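This is what each chain is made of:
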Amino acid sequence: MNGRFLFMALLLSLAPVAAAQGKMAQLQPVQQTPVRVVTTVNFVTDLVQQVGGSRVRVTGLMGAGVDPHLYKASAGDVRKLLQAHLIFYAGLHLEGKMVELLERLPKAIAVTDAIPRGRLIQPAGGFQGQYAYDPHVWFDVSLWRLTIGQVRDALSKVDPAGTAYYQANAEAYSKRLAQLEAFIRREIARVPPQQRVLITAHDAFAYLGRAYGLEVRGLQGLSTVSEAGTRNVQELADFIVQRKIHAIFVESSVPRRPIEAVVAAVRARGWNVAIGGELFSDAAGSPGTPEGTYVGMMEHNIRTIVNGLLGRQL
Ligand SMILES: [Zn+2]
């Protein structure tokens, strides 16, 4: 059976979109360990491993470097989802091409459902003109911490014998994230206030900026050769010189030419700006590397940003 057909057959066989709370309430014990869990993005995989420990076996669908906004479930993925005791995904339409499927799967829990909607960023005109909320909530550690309870509660429902174990793991991980947040605040405080500016091409960092006092500026529009694009380059160059900013940040997927145009325009004004290191945005690094976990990915990003803004390259 090909993937598309399987997908359609599956959608038709499932009930209309269940309310998120309803799904949690309807989870049933599986009387079996390890609990078979399937996850989407790799920092949700890490989250579930932290809370589930040795009582779960987690299969992540999206590895390092995978763009969750564009990822489509393969036939093999659908099979894994159907065989899972429990599924965790980020939600808020981060998994843009899998939303329909995930919302209809009764055992699929969006970890971000634990975050009060009032604490989410609602960009004017919607996120990418489509969704009410910016989905990149993991960049605000205090919001991401709220997802721990969601995972603990769902695992406890499916595996009640592990309730105390999940609770202990959840508490330990929550403490770890509190330490991470303290680290971030300490690091950002080293940058002079007027230089706390994150210039990047990806629209992923609004929560980081809001939570930790970084002004976030996009490089959007710079990829065009239009007059507006040229004007943006000049305006951004003026801004960088005025604020004495030492680094702007890129991701490997972003064309370098417009960024190099900004660097050249800044140099023409007698100031030097570097292209800072690469940031992890929508996926943590490879398993087994320090950046392969949520905590490691955040620490890497913060070190890269702070060193760049202080004019030191890693
Ligand atoms: Zn994104």
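Everything numeric here is computed off the predicted structure, so don't read it as measured data. One numbering rule holds for all chains: residues counted from 1, following each sequence as written. Where totals are concerned, whole chains, interfaces and linings use all residues; where local detail is concerned, this predicted model gives features only for residues with pLDDT of at least 70, and gives and counts side-chain atom pairs only at 80 or more.

Engineer: Let's hear about the packing of helix α3 (residues 42–52) against helix α6 (residues 141–158): which residues, and what values?
Structural biologist: Working convention: axes come from line fits to C-alpha atoms, limited for helices to the stretch in contact. Angles between N-to-C directions cover 0 to 180 degrees. Here a helix means four or more residues in a row that DSSP labels H or I, a strand means two or more in a row labelled E, and each is numbered from the N terminus. Put simply, α3 and α6 touch, their axes get as near as 10 Å, and they point 60 degrees apart. Taken together, the axis directions place α3 and α6 in an arrangement best described as oblique. Between α3 and α6 the crossing geometry is right-handed. Of the residues in α6, those touching α3 at Leu47, Val48, Val51 and Gly52 are Thr147, Ile148, Val151, Arg152 and Leu155. Amino acid classes used here: Ala, Val, Leu, Ile, Met, Phe, Trp, Tyr, Cys and Pro are nonpolar; Asp, Glu, Lys and Arg are charged; the rest, including Gly, are polar. Its residues placed into classes, the contact of α3 with α6 shows 6 nonpolar, 2 polar and 1 charged. If an angle is under 35 degrees, it is roughly parallel; if it is over 145, roughly antiparallel; if it lies from 65 to 115, roughly perpendicular; otherwise it is oblique. Here a crossing is called left-handed whenever its near helix is offset anticlockwise from the far helix by less than a right angle, and right-handed whenever the offset is clockwise. Residues are treated as contacting if the C-beta atoms built from their backbones sit within 7 Å of each other.

Engineer: So what about the packing of helix α7 (residues 163–189) against helix α11 (residues 294–309)? Which residues, and what values?
Structural biologist: Axis separation between α7 and α11 bottoms out at 10 Å; the angle between their running directions is 5 degrees. With respect to their mutual orientation, α7 and α11 come out roughly parallel. Residues Arg176, Leu180, Phe183, Ile184, Glu187 and Ile188 of α7 form the contact with α11, whose participating residues are Val295, Met298, Glu299, Ile302 and Val306. Of the residues that constitute the contact of α7 with α11, the class distribution is 8 nonpolar, no polar and 3 charged.

Engineer: Give me the lowdown on the nonpolar core, citing residues and values where you can.
Structural biologist: Nonpolar cores are built from buried Ala, Val, Leu, Ile, Met, Phe, Trp, Tyr and Cys residues. These are joined into a set through C-beta atoms within 7 Å. Note on burial: count the other C-beta atoms lying within 10 Å of the residue's C-beta; 20 or more is buried, 12 or fewer is exposed, in between is partly exposed, and C-beta positions come from the backbone. Residues Ile87 and Phe88 are the most contacted members of the largest nonpolar core, which totals 86 residues. For the domain bounds, the source is a domain assignment made automatically or taken from a database. Residue-level mapping places this core at the junction of two domains, with at least three residues from each of domain 1 (3–180) and domain 2 (190–309).

Engineer: Outline the sheet that holds strand β1 (residues 35–39), listing residues and values.
Structural biologist: Whether two strands pair comes down to DSSP finding at least two bridges between them. Across the sheet, which stays open at both edges, the 4 strands sit in the order β2-β1-β3-β4 with parallel pairing between neighbours. Pairing within the sheet leaves two strands with one partner each, and these edge strands are β2 (56–60) and β4 (108–110). On average, adjacent strands in this sheet sit at an angle of 25 degrees to one another, irrespective of strand direction. Of the pairings in the sheet, the one linking β1 to β2 comprises 5 bridges and is parallel in character. Of the residues in β2, the one forming a bridge with arginine 36 is arginine 57. Where α3 meets the sheet, it contacts β1, β2 and β3 (86–89), and its direction lies at approximately 175 degrees from that of β2.

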